[in-house]
Amino acid sequence: MRILENFKKIYRKLIAFNNIIYHYLRFYKYSGTNFEKINGYNFEILKVAHALEKSIFMPEQKDESGWENAKILFNLLNISSIKKEKSESYFIGVNVYNKFIEHKKSNGIVKDIKKIDLQSENFLESGKIKIDEQGFKSLQNPEKFFLSRYSFRDFKSKIINDITVKRILNLASKTPSTCNRQHWFTYNINNKEIIKKALSLQSGNRGFTEYIHNLFIITSDLSAFKPGQEVYQHWIDGGMYAMSVMYAIHSLGLVSCPLNWSTTPRIDRKIRKKISIKKSHSIIMMIAYGEPKNNIACVSKRKSIENFYKVINE
Ligand SMILES: Cc1cc2nc3c(=O)[nH]c(=O)nc-3n(C[C@H](O)[C@H](O)[C@H](O)COP(=O)(O)O)c2cc1C
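What counts, and where the lines are drawn
- Residues numbered from 1 in each chain as written.
- Predicted model: local features only at pLDDT ≥ 70, side-chain atom pairs only at ≥ 80, totals over all residues.
- Heavy atoms only, no water.
- Domains from an automatic or database assignment.
- Contact = heavy atoms within 4.5 Å.
- Buried area = accessible area lost by both parts, 1.4 Å probe.
- Salt bridge = Lys/Arg side-chain N within 4 Å of Asp/Glu carboxyl O.
- Polar contact = N/O pair within 3.5 Å; in protein donor to acceptor, adjacent residues only side chain to side chain.
- Nonpolar A, V, L, I, M, F, W, Y, C, P; charged D, E, K, R; others polar.
- Axes fitted to C-alpha atoms, helices over the stretch in contact; angles between N-to-C directions.
- Helix = DSSP H or I, 4+ residues; strand = E, 2+ residues; numbered from the N terminus.
- Left-handed = near helix turned anticlockwise from the far one by under 90°.
- Pairing = 2+ DSSP bridges.
- Near = heavy atom within 4 Å.
- Phe/Tyr/Trp six-rings, centres within 6.5 Å; stacked < 30°, edge-to-face > 60°.
- Buried < 20%, exposed > 50% of the residue type's maximum accessible area, 1.4 Å probe, protein only.

### Section: the domain arrangement of the chain
Consideration 1: According to the domain assignment, the chain consists of domain 1 (31–106) and domain 2 (138–290).
Consideration 2: If you average the C-alpha positions of domain 1 and of domain 2, the two centres end up 30 Å apart.
Consideration 3: With twelve residues of domain 1 at the interface, the matching set in domain 2 holds 14 residues.
Consideration 4: Summed over both partners, the interface of domain 1 with domain 2 buries about 1,100 Å², with 57% contributed by carbon and sulfur atoms.
Consideration 5: Linking domain 1 to domain 2 there are one salt bridge.
Consideration 6: Salt-bridge contacts for E44 lead to K226; the nearest nitrogen and oxygen are separated by 3.6 Å.
Consideration 7: At the boundary of domain 1 and domain 2, one finds one residue pair in polar contact (both at pLDDT 80 or more).
Consideration 8: Residues of the side of domain 1 that touches domain 2, tallied by class, amount to three nonpolar, six polar and three charged.

### As for the packing of helix α3 (residues 67–77) against helix α5 (residues 88–106)
Consideration 1: Running from N to C, α3 and α5 point in directions that differ by 145 degrees, and their axes come no closer than 10 Å. Judged by the sense of rotation from one axis to the other, the crossing of α3 with α5 is left-handed. Contacts from W67, A70, L73, F74 and L77 of α3 reach α5 at Y90, G93, V94, Y97, F100, I101 and K104.
Consideration 2: When its residues are assigned to classes, the contact of α3 with α5 shows ten nonpolar, one polar and one charged.

### Re the sheet that holds strand β3 (residues 255–260)
Consideration 1: Strand order in the open sheet formed by four strands is β1-β2-β4-β3, with antiparallel pairing between adjacent strands. Single-partner strands in this sheet number two, and they are β1 (184–189) and β3. On average, each strand axis in the sheet is tilted by 25 degrees relative to the strand beside it, whichever way the strands run.
Consideration 2: Across seven bridges, the pairing between strand β2 (residues 215–221) and strand β4 (residues 281–290) is antiparallel. If you follow I217 over to β4, its bridge partner there is M286.
Consideration 3: The strands that helix α7 (residues 162–172) touches are β1, β2 and β4; relative to β2, the one it contacts most, it runs at about 35 degrees.
Consideration 4: Its contacts with the sheet place helix α8 (residues 192–199) against β1, β2, β3 and β4, and it is angled at close to 60 degrees to β2.

### So, the site of the ligand
Consideration 1: If you check the shell around the ligand, you find 14 residues, and the closest are S151, R153, G204, N260 and R302.
Consideration 2: At 3.0 Å from an oxygen atom of the ligand is found a side-chain nitrogen or oxygen belonging to Q202.
Consideration 3: Residue S300 places a side-chain N or O atom 3.2 Å away from an oxygen atom belonging to the ligand.
Consideration 4: With four residues, β3 is the largest single contributor of residues to the shell around the ligand.
Consideration 5: Its residues assigned to classes, the shell around the ligand shows six nonpolar, five polar and three charged.

### Section: the packing of aromatic side chains
Consideration 1: Under the defined criterion, the tally for this structure stands at twelve aromatic pairs.
Consideration 2: Considering the side-chain rings of Y90 and F91, the 5.5 Å spacing of their centres and the 85 degrees angle between planes classify their relative orientation as edge-to-face.
Consideration 3: A centroid spacing of 4.1 Å and a plane angle of 20 degrees characterise the contact between F216 and Y289, whose relative ring orientation is stacked. Taken together, the residues span a long stretch of sequence, with F216 in strand β2 and Y289 in strand β4 at a distance of 73 residues.

### Notes on the pairing of β2
Consideration 1: Taking burial as the measure, the seven residues of β2 include seven buried ones, the bulk of the element.
Consideration 2: Burial along β2 is two-sided: the residues L215, I217, T219 and D221 and F216, I218 and S220 are all buried.
Consideration 3: As defined by bridge partners, β1 adjoins β2 across six bridges and the pair is classed as antiparallel. When the bridges of β2 are listed, N188 appears paired with F216.

Written out as structure tokens, the structure is:
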């Protein structure tokens, strides 16, 4: 018995090591470190634009601040493939860049650096917003919303329509992300055969596989990340996004169940053979969702707040 336990301990550590190597190699291949690819440039534009937009709204303004990033952004926006593709990131970038130049000009600082002519109606507005009084008001009953979300494992066979799915994803898109890179990507599956294929590789759906008719695979794009210290960031942001998706589902009166993707490299490779998932997309988790078949949910009792909370004053 003891020998078996000791063997399990070592085996688990080896699996962990194997996972670390696998994900390191994924970072090596698919992170923004290799960002000559257009996808990487687009993420880089959002990242640098965000540094600039922050500098515009800093309470203390310095004449010299931001110019270095403005130049980097200008160069990125002038890469020929970027200019040709004109993605949404491009328009966000140009908008922020021009706002920065205007902002400096209105503060009496002019440099030898020009605005970029958009020559297009496709102008994604960013900038200041004044939050009205309502924005700071507490919800009437926040507990009612937050404490009434449960993981459901029994769904009606109804397929959730595309308008609702897009509404869910639009609500969830307000999730904050590192430098506003918005690197999440959701695969939506409602074909029973493909759902079965996906779930056959997921370890926590036994007993309710049959009742799942709508499935999200939530992923994060590794190519949005470049510095080595960002190696974990796509999982963190992706987890936050997944939570927003679940709250969005809940806000629309639908129910969901998160399904873990704590898997081995072998299974992660396998799902990519069965389902077309972009190579640079790391799977964060799956989410089964839909209309509840009945109103019975499993209560997974929470521990009291004292377990999660400590005041540190020194
Ligand atoms: C990342 C993640 C993965 C999960 N994976 C599974 C799963 O594979 N199967 C399952 O039945 N529940 C899964 N759950 C649901 C948890 O069991 C559930 O959230 C927890 O018991 C709390 O219950 P509640 O969501 O009803 O509040 C997962 C939850 C999270 C956050």
